[in-house]
Amino acid sequence: MDRRVTVERALRGAPAHRLLDSLRINLAQQFAAFSVDLLLVDYGLTALRPVEPVQARAGLQPSALDSGPAGHAFTTQQPYLSGADGPTATAYLPVSVRGDRCGVLVVDLLPEHLTPRCAEDLVGIAETLGHALQVADRHTDVYRQTRRARALSIPAEMQWDMLPGRACAGEEFTLHAYWEPAYTSGGHVLDWSVTDEDLTLVVADGTGPGTPSVLVSNLALSALRNARRAGLDLVGQASLTDQALYGQHRGERSLSALLMSVRLADGEVRVVDAGSPTVWRTRGAVTERLDLERQLPLGMFEDTVYATQRLRILPGDRLVFLACDRSESPPGAGDPAADRAVSSAIDAARHLTCADTPRAVVRALRGTPGGSAEAVLVLCLDWHGGRVAERDADGGGDR
C-alpha cells in the first residue's frame, strides 16, 4: 500500500485527541521521521502554539506568526524545507481546510529522505490532517485549548462556537475574516454558504459587549441559517430574522446586518442592507465605499419589508466589509474623517493577500485615534472571476 495512503488511513481512524500520536508513529514507520510536531494558530492570529504534551521536541515554544520558518509556511501557505545540507532536514507544512489556515506540521527526517516525492506526500498528509482536526474539534477540547494564548471570555467562547471560521476559498473567490478583540468580543455575526450557483454571506455589527449581545447574535444567526436552509431568498432570510428578533425583544434589541448573494457564474450580486456594516470596493487603483440603500435594522420594528439591490463585481475586485460594536461610532458610516481613515487602511493593505488584509485593516483602524470602534470585524472578499466569460463592465447593473 502507498505509504501516504497508509498514514492518512491511520489518521482518519485515530481517536480525536490522539491525531498527533498517530502521525508520530506512522510518519516514523513510513518516512523514517524522528520528530513530528503540530503548531496551531492562536485565536488572535499572533502565534503558532505547539499541541501538548510535546514529547519529541522537548522545550518547543510558541513561535511568532510573522517570523521563522513555521511562520513563513503559515503565511505563504507553501511548504518550507530547511537543513538539506545538514544532519537533519525539517519540513514545515501548512495545515488548512478550504482556505481556513489552522497551523503548521513540522517533520524532522534525514536529508536524503526528503525527496521531492516525499515532500509531495507530506503536503498531502498535512492537508488530510487539516480535515481531521476540523472533525476532531467536535469530540475533544485538546486543539481548542492549544489555540488559547490566554483565557476567552464567555461571550467570546459563544461567538467562536457559533461562527463558521475565519476563511473560505473556491475557484471563483477567496474570503478571509478577522476581528479584535479576539479573546473578549462576542457580538459580531459572520456566516457564509457556498453552492454550485451562489456564495451567500452575512456580516453584522455587534450590539455591545457582554453576554446579552452574543445572545442576540446567536438568535439572529440561527434564524438566518434556518431561513437559508429552508430555501428562502435574501428578503425571506432578512424577514424571518427580523420577526425572530422582534418577537423576542420587541424592538429593544436589533441587529444591523448586510446579507449578500454572489452568483458564481458571473459575479452578479444581490444585497439586502439592513442598516448594515459598510462595504468598500477596490477596483484597480480606486478604493471607494459602496453607497447601498440602507433599510431598517433587523428586529427594530414589527413586519419590516425588505428589498434587494443589485450590482456587479468584476474579476480582480476586492470587497472589504467593516463591522463594529454598535455601542461605538461606526467607522466609515458617512463621516468624512472616518471614511478617509478606512480608505487609507484598505489602500495600505492593497499589496497584501486576502488572508492578511483583514488583520492589517483592523489593526490600522484600532490604532487610529478616534477612527474606529473598540471591537472591529473585517471581512475581505477577493473575486477571481466566474465560470462564464466576463460581461461588459458597463452592462448588467454594474456599479
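Below is a short write-up of the structure.

The rules behind the values
Residues numbered from 1 in each chain as written. Predicted model: local features only at pLDDT ≥ 70, side-chain atom pairs only at ≥ 80, totals over all residues. Heavy atoms only, no water. Pairing = 2+ DSSP bridges. Helix = DSSP H or I, 4+ residues; strand = E, 2+ residues; numbered from the N terminus. Axes fitted to C-alpha atoms, helices over the stretch in contact; angles between N-to-C directions. Contact = heavy atoms within 4.5 Å. Buried < 20%, exposed > 50% of the residue type's maximum accessible area, 1.4 Å probe, protein only. Arc of directions from axis to C-beta. Left-handed = near helix turned anticlockwise from the far one by under 90°. Nonpolar A, V, L, I, M, F, W, Y, C, P; charged D, E, K, R; others polar. Phe/Tyr/Trp six-rings, centres within 6.5 Å; stacked < 30°, edge-to-face > 60°. Lys NZ or Arg CZ within 6 Å of the ring centre and 35° of its normal. Salt bridge = Lys/Arg side-chain N within 4 Å of Asp/Glu carboxyl O.

## Comments concerning the sheet that holds strand S15 (residues 309-312)
Line of reasoning, step 1. On the basis of which strands lie adjacent, the open sheet formed by 5 strands has the order S9-S10-S11-S12-S15 and antiparallel pairing. Across the chains shown, the open sheet's two edge strands, defined by having one partner strand only, are strand S9 (189-194) and S15. On average, each strand axis in the sheet is inclined to that of its neighbour by 15°, with strand direction left out of account.
Line of reasoning, step 2. Against the sheet, helix H7 (residues 211-229) touches S9, strand S10 (198-204) and strand S11 (257-263), its axis set at about 15° to S9.

## A few points about helix H1 (residues 3-13)
Line of reasoning, step 1. Within H1, the full set of buried residues consists of Val7, Glu8 and Leu11. The buried residues of H1 occupy an angular sector of 95° when projected down its axis, which confines them to one face. Exposed residues on H1 whose side chains face more than 90 degrees from its buried face are Arg9 and Gly13.
Line of reasoning, step 2. Close packing links the buried residues of H1 with helix H2 (19-31) and helix H4 (116-136).

## With respect to the sheet that holds strand S13 (residues 278-283)
Line of reasoning, step 1. With antiparallel pairing, the 6 strands of this open sheet are ordered in space as S7-S8-S17-S16-S13-S14. A strand with exactly one partner marks an edge of an open sheet, and here the two such strands are strand S7 (167-169) and strand S14 (286-289). The average angle at which neighbouring strand axes cross in this sheet is 15°, direction not considered.
Line of reasoning, step 2. Of the strand pairs in this sheet, strand S16 (residues 318-324) and strand S17 (residues 376-383) are connected by 7 bridges, and their pairing is antiparallel. Looking at S17, one finds that Cys324 is bridged to Val376.
Line of reasoning, step 3. Taken strand by strand, helix H9 (residues 336-348) contacts S13, S14 and S16, and its axis lies near 45° from that of S13.

## Focus: the environment of Phe34
Line of reasoning, step 1. In this structure, Phe34 sits in the loop between H2 and strand S1 (35-41).
Line of reasoning, step 2. Spatially, the C-alpha atoms of Phe34 and Val107 are 7.9 Å apart, while their sequence positions differ by 73 residues.
Line of reasoning, step 3. Excluding residues that lie within four positions of it along the chain, Phe34 makes contacts with Thr88, Asp108, Leu109 and Leu110.

## Section: the pairing of S10
Line of reasoning, step 1. Counted residue by residue, S10 has 7 buried out of 7 residues, so it is predominantly covered.
Line of reasoning, step 2. Side chains Asp198, Thr200, Val202 and Ala204 of S10 all project onto a buried face; the interleaved residues Leu199, Leu201 and Val203 project onto the opposite face, where all are buried too.
Line of reasoning, step 3. Pairing geometry for S9 and S10, over 6 bridges, is antiparallel. Along S10, the bridge assignment pairs Trp192 with Leu201.
Line of reasoning, step 4. Joining the antiparallel neighbours S9 and S10 is a turn of 3 residues.
Line of reasoning, step 5. Bridge count for S10 against S11 is 7 bridges, and the pairing is antiparallel. Across the sheet, the residue bridging to Leu199 is Val262, located in S11.

## Here we look at the packing of H9 against helix H10 (residues 357-366)
Line of reasoning, step 1. Two numbers describe how H9 lies on H10: the axes approach to 9 Å, and their chain directions differ by 145°. Where H9 crosses over H10, the two elements pack in a sense that is right-handed. Between H9 and H10, the contacting residues are Ala341, Val342, Ala345 and Ile346 on the first element and Val361, Ala364 and Leu365 on the second.
Line of reasoning, step 2. Considered class by class, the residues forming the contact of H9 with H10 number 7 nonpolar, no polar and no charged.

## Remarks on the packing of aromatic side chains
Line of reasoning, step 1. This model, assessed by the stated rule, comprises 4 aromatic pairs.
Line of reasoning, step 2. Following the ring pairs from residue to residue traces out a cluster consisting of Tyr43, Trp160, Trp179 and Tyr183.
Line of reasoning, step 3. The ring of Trp160 is capped by Arg147, whose NZ or CZ atom sits 5.6 Å from the centre of that ring.

## Thoughts on the pairing of S13
Along any regular strand the residues' side chains alternate between the sheet's two faces.
Line of reasoning, step 1. Of all 6 residues that make up S13, 5 are buried, and the element is covered over most of its length.
Line of reasoning, step 2. Inspection of the sheet shows S13 paired to S16 by 5 bridges, in the antiparallel sense. Bridge pairing in S16 places Trp280 opposite Val320.
Line of reasoning, step 3. Pairing of S13 with S14, which is carried by 4 bridges, proceeds in the antiparallel orientation. The residue of S14 that forms the bridge with Thr282 is Thr287.
Line of reasoning, step 4. Between S13 and S14, which pair antiparallel and follow one another directly, the connecting turn spans 2 residues, one of which, Gly284, has a positive phi of 65°.

## So, the side chain of Arg359
Line of reasoning, step 1. As for its placement among the helices and strands, Arg359 is situated in helix H10.
Line of reasoning, step 2. Once residues within four sequence positions are removed from consideration, Arg359 is found in contact with Leu45, Leu65, Asp66 and Tyr178.

## Points about the pattern of salt bridges
Line of reasoning, step 1. One pass over the full model with this rule turns up 25 salt bridges.
Line of reasoning, step 2. For Asp121, the salt bridge goes to Arg117, with nearest N and O atoms at 3.3 Å. Here Asp121 and its partner Arg117 are both found in helix H4, 4 residues apart, which amounts to about one turn of the helix.
Line of reasoning, step 3. Note on Arg117: relative accessible area 47%, which makes it partly exposed.
Line of reasoning, step 4. Asp317 serves as the salt-bridge partner of Arg283, at 2.7 Å between the closest nitrogen and oxygen. Within this pair, whereas Arg283 is found in strand S13, its partner Asp317 is found in the loop between S15 and S16, the two being separated by 34 residues in sequence.
Line of reasoning, step 5. In this structure, a network of salt bridges that share partners links the residues Arg263, Asp266, Glu268, Arg310 and Arg312.

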